[in-house]
Each structure stands twice: as C-alpha cells, then as structure tokens.
Amino acid sequence: MNYEFDKVIDRKEHHSAKWREMDKKFGTNDLIPMWIADMDFKTAPEITEAMREKLEHGIFGYVNRSDEYYEIACNWLKKRHSWEVSTKNITYSPGVVPALSIIIQEFTKPGDKIIIQSPVYYPFYNVIEENNREVVLNPLKETERGYYEMNYEDLISKIDDDVKFLILCNPHNPVGRVWKKEELEKLGKICFEKGVKVISDEIHSDLIFKENKHMPFASLGKEFEENTITCFAPTKTFNIAGLYSSFIVFPNSKDRDIFEEALGRIDLKRNNPFSLVATMAAYEKGEPWLKELLVYLEENIDYLIGYIKENIPKIKVRKPEGTYLAWLDFRDYDLSKGELERKIIEEAKIAFDDGLWFGEEGEGFQRINVACPRVMIEEVLKRLESVFK
Ligand SMILES: Cc1ncc(COP(=O)(O)O)c(C=O)c1O
C-alpha cells in the first residue's frame, strides 16, 4: 500500500460535520461517527498537490472553466465506464442534491409526481417535497434476506400521467446494489414507454467492488440517452465532498442551457478555485489512489461481515456490490423503533444513519459507513458485540 488508509487523523478539530454535528441528530458528540457519507482518509496526494499549487499562487478570484475541464471529466467516463459523452451536453453543479432540486424546478411543475425506490438516500424525499412535487414510492423488493431488486409490477401500477421523473440511485444508497444491465434495461423500457424520464444519480459509480460493473443508465442505448439526466461527481470517489463539485449530463445542449441559466440566476455557476483544480487533478491523476482505496474498503467490508457472522450472528449483513456503505439488519432482535436507536446511541455509543431515515422499509436497519481506518471498525464491532451479543 502506498497510501496510509490505516492512519487515524483527527477531524474533530478540523470542522468535520461528521464528527461535530452528531449532537444535532443524536443529542451528543460523544459517539463514534459512522454516519455521513464522507471518508476519514486523506484524499489522493495528487489532489492535495494541485490545491497546494493554487494556494501558493495566492490569488483566489473568480475562476473560469476551460473546455479542458469538461474533456477531463468526459475522458474519465469513457475510460472507467465506457460511456462517451459530448462536452456539449455536460455542465457543472456545486452538488448533486442542489442539481436534483434545480432539475425538478426547471423540468417539472408543482403537483407533478416523481418516483423514488425506497429505502433510499433521504434527500431524494426532501428535494421533491420541498419543491411542492409529490413523492411516489416504488419500494425495492427484498427477494432474499438483505438482497434487493426492483419491483417492476409495482412500478407499472404507480405510473400515471402526472408522473414525470423517476430518480434512480445507481449504485443504490443504502442497499449497496450495483444495478445490472438487464435490470436497468427493464426499468428503462417501462419508464420510457409510459413517458417517464429518469434522473440517474451515479455519485457512487466509481466505488464498485470486484465482480460488479457500473452501467451508466444513459449509456444503454439511444432511448436511454434521450430520456436521462445523469449526475456524477469526483466527491465521494476522492473524498472531496466539502469542495463542492459535480457534473450533470443532459440528453442535449438545450436542456443543459436551461439548467445553466437556472444556476446563473442564483449565481452559483462557478467553481471555487480549489474545487476546480481538485476536480481536474482527481480525474487526471487520481486513479492509482482510487485503486488502492477500493482494496482497503473491500477489506474493511469483509472484515466487518466476517466479524459479525462469527461473533454477533443475530445481526445480518450482506456484502454491498458498491459504495462504502453497509446495511445492518437488526430485525431479529424485534426491538421497537425507538429502542434500537436508543441502544445504538446510548449503549453502544455509535452514530449510524438510522434505517428509518431512508423510508419505512428501513425499520430495523442501520447504515454503517466503513470508509475509515480499520481500528475504528474494530472499535465499533466491539461496542456492538457488548450490547447485542
Ligand atoms: C446517492 C447520493 N446522492 C447524492 C449525495 C450527495 O451529493 P452532493 O454532496 O453532491 O450534493 C450522496 C451523499 O451521500 C448520495 O449518497
């Protein structure tokens, strides 16, 4: 290993939301933070170096993105996901969540319906509801314990003339599925036949474990390209979420312009100088780091699963196909909603994302973020064992 993923680095004194904002959600900061999806690792040194150069330049005025900025991002998509995107159809957004909100505002009207596949990343609910659109749930089906598939029959029954979009989470947070080509094709066929467009949130698409392959939804054919808006970013991949940098790919430059104008109206159309150089360095030079990161993350997951199987087998957990998130199943304990949370917070002193945040299908689950030095996982497992054995 060339990088120090095992090294514990203080974040509390460095303004980390994950380490300092637990009191807002859990009433105390005296917990081990395994919640918010960022990593407790330093980013790739090539990214830090690009930022250092910028820092030493000493001028932090407004920046301009050259064509090269988008070419680098498109090259990344091509190289890693075999997807060719024209630089005419891509643009910048500070984040994926703000982009979802703008897409909803610009391409739907109040009262329109948007489908999401619960349990799912909870801001999907917020961006729909806070824009006065209606959430329609197409819950995933748990076909084996902890393994989820799409429910196509339910999807067909939920689509009516008011449904304008489906937000796809690909790979899926929190259940860790990397959707297969056939699954996505079936989804697309149903949606497009019924006039429903897809927003594909692919922010986790670079975090894929062995034997799985990420398929960009829009890359599956002409109809997919024409009816999909894709969101991706270097932020989860390279642990630079606080820099605010993501990309949105539209079916055509007209839709891209509509989005850019909306960002322009609230004057958020520019990167900050650090996010600009970090994004370019990430996609141009970050691959060796990412390769080692994926090995470390997979070892963390394997360690977690092995330990639980051996020592706390009443907790069920399945290996995610991608993301650095695992979906811990405490249903066999038969605890009430509040009691599971209380035990985790007050007795185990751990901050997980509570399953219910992702929708009612998440009852009895907790989401753990394993993107941290292994000693933290060891500590969490010891704490879980002492409370749940
Ligand atoms: C599926 C998904 N989309 C979006 C985000 C956040 O994106 P951003 O920080 O770019 O708004 C996350 C973060 O956890 C996520 O899991």
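Sequence positions are assigned chain by chain, starting from 1 and proceeding in written order. Only residues with pLDDT of at least 70 get local features here, since the model is predicted, and only at 80 or more are side-chain atom pairs given and counted; chain-wide, interface and lining totals rely on the full set of residues. Remark: hydrogens and water are excluded; side-chain values derive from all non-hydrogen atoms of the structure.

Ranked by internal contacts, the top residues of the largest apolar core, which has 102 residues, are Met34, Leu328, Leu384 and Phe388. Helix and strand assignments follow DSSP, with helices taken as H or I runs no shorter than four residues and strands as E runs no shorter than two, numbered in order from the N terminus. Tallying contributions element by element places helix 13 (residues 287–311) first for this core, with 11 residues. Here the limits of each domain have been adopted from an automatic or database domain assignment. Residues from two domains meet in this core; each of domain 1 (12–44 + 288–388) and domain 2 (61–285) gives at least three. What makes a nonpolar core is a set of buried Ala, Val, Leu, Ile, Met, Phe, Trp, Tyr and Cys residues whose side-chain atoms join them at distances within 4.5 Å. For every residue, the accessible area obtained with a 1.4 Å probe (protein chains only) is divided by the maximum for its type, and the residue is called buried under 20%, exposed over 50%, and partly exposed between those limits. One finds Phe26, Val136, Leu184 and Leu187 within the second-largest nonpolar core, a separate group that totals 34 residues.

This brings us to the pattern of salt bridges. When the charged atoms of two side chains with opposite charge come close together, those side chains can pair. Note on definitions: salt bridges are taken to be side-chain nitrogens of Lys or Arg within 4 Å of carboxyl oxygens of Asp or Glu. The tally for this structure, following the rule as stated, stands at 38 salt bridges. With a shortest N-O distance of 2.7 Å, Glu142 and Arg331 are connected by a salt bridge. Here the residue Glu142 occupies a position in strand 5 (residues 141–144), and Arg331 occupies one in the loop between strand 11 (325–329) and helix 14 (337–347), the gap between them amounting to 189 residues. Residue Arg331 is classed as partly exposed on the basis of its relative accessible area of 31%. Glu385 is the partner of Lys389 in a salt bridge, and the nearest nitrogen-oxygen pair spans 3.5 Å. Bridged by salt links that share partners, the residues Glu142, Arg145, Lys316, Asp329, Arg331 and Asp332 form one connected network.

Take the packing of aromatic side chains next. The criterion for an aromatic pair is that two Phe, Tyr or Trp rings (for Trp, the six-membered ring) have centres within 6.5 Å, with stacked assigned to planes under 30 degrees apart, edge-to-face to planes over 60 apart and tilted to the rest. Per the stated rule, a full pass over the model turns up 33 aromatic pairs. Ring pairs connect the aromatic residues Tyr3, Phe5, Phe41, Tyr69, Tyr70, Trp76, Phe232, Phe238, Phe247, Tyr283, Trp289 and Tyr296, which therefore count as one cluster. Its guanidinium or amino end placed over the ring of Trp357, Lys25 lies 4.5 Å from that ring's centre, counting from NZ or CZ. Just above the ring of Tyr296 sits the side chain of Arg374; from NZ or CZ to the centre is 4.5 Å. Criterion for a charge above a ring: Arg CZ or Lys NZ at most 6 Å from the ring centre, at most 35 degrees from the ring normal.

On to the sheet that holds strand 9 (residues 228–232). Two modes of strand pairing occur in sheets, parallel and antiparallel, and in both the strands are linked by backbone hydrogen bonds. Only when DSSP finds a minimum of two bridges between them are two strands counted as paired. The seven strands are arranged 2-10-9-8-7-3-4 in an open sheet whose pairing can be described as mixed. Two strands close off the open sheet at either side, each with one partner strand: strand 2 (90–93) and strand 4 (134–137). Adjacent strand axes in the sheet meet at a mean angle of 25° when their direction is disregarded. Should any heavy atoms of two residues lie within 4.5 Å, those residues are considered in contact. Fitting a line to C-alpha atoms yields each axis, with helices limited to the stretch in contact; the angle taken between N-to-C directions then spans 0 to 180 degrees. Its contacts with the sheet put helix 5 (residues 96–107) on strand 2, strand 3 (113–116), strand 7 (163–169), strand 8 (197–201), strand 9 and strand 10 (246–249), and the angle it makes with strand 9 is roughly 160°.

Moving on to the site of the ligand. Nearness is judged by heavy atoms alone; a residue qualifies as near a molecule or strand once a single heavy atom is within 4 Å of it. With respect to spatial proximity, the complete set of residues near the ligand consists of Ala37, Gly95, Val96, Val97, Pro98, Tyr121, Cys169, Asn173, Asp201, Ile203, His204 and Lys236. With respect to the ligand, the side chain of Asp201 contributes an N or O atom lying 2.5 Å from a nitrogen atom. Counted as a polar contact is a pair of N or O atoms within 3.5 Å, where, for protein atoms, one must be capable of donating a hydrogen and the other of accepting one, and residues adjacent in sequence contribute only when both atoms are in side chains. Lys236 is positioned such that a nitrogen or oxygen atom in its side chain is 2.8 Å from an oxygen atom of the ligand. Values of accessible area rely on a 1.4 Å probe in the Shrake-Rupley scheme; residue burial ignores everything except the protein chains shown. Bound to the protein, the ligand loses 89% of the 400 Å² it would expose on its own. Tallying contributions element by element places helix 5 first for the shell around the ligand, with three residues. Throughout this entry, Asp, Glu, Lys and Arg are counted as charged residues, while Ala, Val, Leu, Ile, Met, Phe, Trp, Tyr, Cys and Pro are counted as nonpolar. The remaining residues, Gly among them, count as polar. Residue composition of the shell around the ligand, grouped by class: seven nonpolar, three polar and two charged.

Turning to the environment of Leu384, a few remarks are in order. Note that Leu384 resides in helix 15 (residues 374–388). Taking C-alpha positions, Leu384 is 8.6 Å from Ile350, a pair spaced 34 residues apart along the chain. Discounting chain neighbours no more than four positions away, the residues touching Leu384 are Ile312, Ile315, Leu328, Phe330, Ile344, Ile350, Phe352 and Lys389.

This part is about the domain arrangement of the protein chain. Domain boundaries in the protein chain define domain 1 (12–44 + 288–388) and domain 2 (61–285). Across the contact, 34 residues belong to domain 1 and 37 residues belong to domain 2. Accessible area, probed at 1.4 Å, shrinks when two parts are joined; the buried area is that loss added up over both. Taking both sides of the interface into account, the surface hidden between domain 1 and domain 2 amounts to around 3,100 Å²; carbon and sulfur atoms contribute 55%. Across the contact surface, domain 1 and domain 2 share six salt bridges. The set of elements that each furnish at least two residues to the side of domain 1 that touches domain 2 consists of helix 13, strand 11 and strand 14 (365–369). Element by element, the count of residues in the side of domain 1 that touches domain 2 is highest for helix 13, at eight residues. In terms of residue class, the side of domain 1 that touches domain 2 is built from 17 nonpolar, five polar and 12 charged.

So, on to the packing of helix 14 against helix 15. Helix-helix packing: each pair is described by the crossing angle between the helix axes and the interaxial distance. As a packed pair, helix 14 and helix 15 sit with axes 10 Å apart at the nearest point and diverge in direction by 125°. One finds that helix 14 runs oblique with respect to helix 15. Read as a crossing pair, helix 14 and helix 15 show a hand that is right-handed. For the pair helix 14 and helix 15, the contacting residues are Leu340, Lys343, Ile344 and Glu347 in the first and Leu384, Val387 and Phe388 in the second. Grouping the constituent residues of the contact of helix 14 with helix 15 by class yields five nonpolar, no polar and two charged. Orientation categories follow fixed angle ranges, with anything under 35 degrees roughly parallel, anything over 145 roughly antiparallel, 65 to 115 roughly perpendicular, and all other angles oblique. The sense of a crossing depends on the near helix, which, turned anticlockwise from the far helix by less than a right angle, makes the crossing left-handed and, turned clockwise, makes it right-handed.

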